[in-house]
Amino acid sequence: MKYVSTRGRAPVLSFEEVLLTGLARDGGLYVPECWPRFSADDIRGFQGLSYTETAVRVMAPFLGDIMTEDALADLVEDTYANFDHPDVAPLKKLGEAEWIMELFHGPTLAFKDYALQFLGRLFGYVLEKRGEHLTIVGATSGDTGSAAIEGCRGRDAIDIFILHPEGRVTEVQRRQMTTVHEPNVHNIAVQGTFDDCQDMVKAMFNDQAFRDRCRLSAVNSINWARIVAQIVFYFRAGAQLGAPETPLCFTVPTGNFGNVFAGYVAREMGLPVEQFIVGANRNDILTRFFLSGRLEITGVVPTISPSMDIQVSSNFERMLFELIDRDGLRVAETMDRFREQGAFSFEPDLLAKARSLFDSDSFDDDETKAVIRTIYEETGELIDPHSAIGLAAGRNKRRNRNIPMVAMATAHPAKFPQAVEEASGIHPELPENMADLYERKEHFTVLSNDLAEVQSFILDNLSERGAP
Ligand SMILES: *Cc1c(COP(=O)(O)O)cnc(C)c1O
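Residues numbered from 1 in each chain as written. Predicted model: local features only at pLDDT ≥ 70, side-chain atom pairs only at ≥ 80, totals over all residues. Heavy atoms only, no water.

Caption draft 1: Quick look at the packing of helix α5 (residues 112–130) against helix α10 (residues 224–241). In contact at an axis separation of 8 Å, α5 and α10 are set at 130 degrees when each is read in the N-to-C sense. Classified by the angle between their axes, α5 and α10 sit oblique to one another. In this structure, α5 meets α10 at a crossing whose hand is right-handed. Together, K112, Y114, A115, L116, F118, L119 and L122 of α5 and A225, R226, A229, Q230 and F233 of α10 make up the contact between the two elements. Taken together, the residues that form the contact of α5 with α10 break down as nine nonpolar, one polar and two charged. (Axes fitted to C-alpha atoms, helices over the stretch in contact; angles between N-to-C directions. Helix = DSSP H or I, 4+ residues; strand = E, 2+ residues; numbered from the N terminus. Parallel < 35°, antiparallel > 145°, perpendicular 65-115°, else oblique. Left-handed = near helix turned anticlockwise from the far one by under 90°. Contact = heavy atoms within 4.5 Å. Nonpolar A, V, L, I, M, F, W, Y, C, P; charged D, E, K, R; others polar.)

See below:
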């Protein structure tokens, strides 16, 4: 399998190269040259498989010859072995033709674990094979940092540095990062905002000398391997609900458009999906786009679903590439214009194409809490604010109530205890294996919002293998 850039001007790469490269040299994102297809028989064959068996079948076509199928099966087995549910991503019936897929049974209680546990192992495998070392630097407003740290802890071939804004992540999120004590994990609390952290990470990637010296790499959601691991959710739900015979509808709480794009890929690969619903909070740029065809930046407002407090969804560029028939030069033009002007209007035919498959709805914090309360009263299920938004958007926007709808539950309620308790009056308990999180010892370094200081901290703290 070969990979091309969404902006059409970067070299064609293999999966292994894409994994290590991240962003394409022309500023675009890598996508497969063409989508692998499963036949109806192949998809029928997924019925009765385990989560990990499904994952191997779904991911193998993307990985090319990077490893044998047996090696992949071992790696996938190992990836999900410590998840705290035997089904890995259990599907629960909520109501008539309404299902919820729980994607929070990994070590940090959010769906990002499903991809980042895999990515950490994949990096480890490839780097050992090549005898190389990588330095991962990332900024987090909460969920990505902890999931990336959990995925990379203890791997000799990787040093991971995660910048979080001091005092601006929740206690659960901070503790999930700072109570990991392997020597290759480095937590930096920056005296600044999330945007300051993000800007510093971008500056480090643009500092070519520094980038080469540390062999910098990224684990943010533009990494293609993350999308690949998420495609599995959709085939897994499909197999359990009777695909290919039964068509499906998915509703997904969305930030960077990575999860729902993985669903789109599953559909391109042959899964019969009739509709995707994109859930948003008050940061509703995507909802406005699907309504009007105009992509317009306003300004980020903080909400009780912080993992969706995003203005520009990085993976939306992959969707755009598909919508405009894989015309990379047009994507490049569109993205340039969007960046210059902060807004872009698409032609009616393109909007119509997007709307034939996607709908979207958004909810403010009060509405989100009301949904959490209602679902609890109706079903006895306590859901987190992100999952509540997905479910509510689905209930509002689904077109055909006879087609099973699957709502992606992207975080455990105990990850956002305050909002959930305010909504329902119930304090959500952490799973048993994490019950002592508040007693564990923390370890992190506070640095000022100063690029030079952060860069010299990174150089001073690289492990021997990574030291320049
Ligand atoms: C990251 C995240 C999302 C958004 O997922 P995208 O792939 O960025 O659209 C939704 N919910 C939770 C809990 C998350 O951590």
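More follows now that the structure is in view.
Caption draft 2: Highlighting the site of the ligand. Close contacts around the ligand come from 14 residues, with K112, D143, G255, N256 and T410 the closest. A distance of 2.8 Å is found between an oxygen atom of the ligand and a backbone nitrogen or oxygen belonging to G255. Between G258 and the ligand, the recorded distance is 3.2 Å, taken from a backbone N or O atom to an oxygen atom. Relative to its unbound accessible surface of 380 Å², the ligand loses 97% to contact with the protein. In terms of residue class, the shell around the ligand is made up of four nonpolar, eight polar and two charged. (Near = heavy atom within 4 Å. Polar contact = N/O pair within 3.5 Å; in protein donor to acceptor, adjacent residues only side chain to side chain. Areas by Shrake-Rupley, 256 points an atom, 1.4 Å probe, with all protein chains shown as cover.)

Caption draft 3: Inspection of the packing of helix α16 (residues 365–379) against helix α17 (residues 385–397) at higher detail. The contact between α16 and α17 brings their axes to 9 Å, and the two run at 80 degrees. By the angle between their axes, α16 is roughly perpendicular relative to α17. Judged by residue contacts, T368, V371, I372, I375 and E378 of α16 engage P385, A388, I389, L391, A392 and R395 from α17. Of the residues in the contact of α16 with α17, the class split is eight nonpolar, one polar and two charged.

Caption draft 4: Quick peek at the sheet that holds strand β6 (residues 134–139). With parallel pairing, the five strands of this open sheet are ordered in space as β9-β6-β7-β8-β16. Across the chains shown, the open sheet's two edge strands, defined by having one partner strand only, are β9 (216–217) and β16 (445–448). Relative to strand β8 (residues 185–191), strand β7 (residues 158–165) runs parallel, the two sharing six bridges. Pairing of L163 across the sheet is with I188, part of β8. In this fold helix α6 (residues 143–152) packs onto β6, β7 and β8, with an angle of close to 165 degrees to the strand it touches most, β7. (Pairing = 2+ DSSP bridges.)

Caption draft 5: Inspection of the packing of aromatic side chains at higher detail. This model, assessed by the stated rule, comprises 29 aromatic pairs. Ring centres 5.0 Å apart and planes at 70 degrees place the aromatic pair Y80 and F83 in the edge-to-face group. Each of the two residues, Y80 as well as F83, counts as buried. Between the aromatic rings of F289 and F316, the centroid separation amounts to 5.1 Å while the plane-to-plane angle is 75 degrees, which identifies the pairing as edge-to-face. Taken together, the residues span a long stretch of sequence, with F289 in helix α12 (residues 285–292) and F316 in helix α13 (residues 316–323) at a distance of 27 residues. Across the pair, exposure class does not vary: F289 and F316 are buried alike. (Phe/Tyr/Trp six-rings, centres within 6.5 Å; stacked < 30°, edge-to-face > 60°. Buried < 20%, exposed > 50% of the residue type's maximum accessible area, 1.4 Å probe, protein only.)

Caption draft 6: Inspection of a negative patch on the surface at higher detail. A surface patch of like charges, here negative, comprises E53, E69, D70, D74 and E77. Here the negative patch takes four residues from helix α4 (residues 69–80), the largest share from any one element. Within the fold, D74 resides in helix α4. (Patch = residues over 30% accessible without salt bridge, like charges linked within 9 Å, V, L, I, M, F, W, Y side chains within 5 Å. Salt bridge = Lys/Arg side-chain N within 4 Å of Asp/Glu carboxyl O. Lys, Arg positive; Asp, Glu negative; His and termini not counted. Charge placed at Lys NZ, Arg CZ, Asp CG, Glu CD.)

Caption draft 7: Seen up close, the environment of M308. The residue M308 is located in the loop between β12 (294–296) and α13 in this model. Linking M308 and R282, residues 26 residues apart in sequence, is a C-alpha distance of 9.2 Å. In this structure, M308 is in contact with P253, T254, G255, G279, A280, N281, N283, H386 and I389, ignoring residues within four places of it in sequence.

Caption draft 8: Fine view of the state of the cysteines. What the rule picks out here adds up to zero disulfides. Among the cysteines around C214, which has no disulfide bond, C152 carries the closest sulfur, lying 16 Å off. (Disulfide = S-S within 2.5 Å.)

Caption draft 9: The arrangement of the pattern of salt bridges in detail. Summed over the entire model, instances satisfying the criterion amount to 27 salt bridges. Note that K353 is salt-bridged to D325, the shortest N-O span being 2.9 Å. Pair noted here: K353 is in helix α15 (residues 348–357) and D325 is in the loop between α13 and α14 (328–341), with a separation of 28 residues, a long-range link. A residue is classified by how much of its surface remains accessible, and D325, at 59% relative accessible area, is exposed. Measuring nitrogen to oxygen at the nearest pair gives 3.4 Å for the salt bridge that ties E347 to R330. Of this pair, E347 sits in the loop between β13 (343–345) and α15 while R330 sits in helix α14; the two residues are 17 residues apart in sequence, bridging distant segments of the chain.

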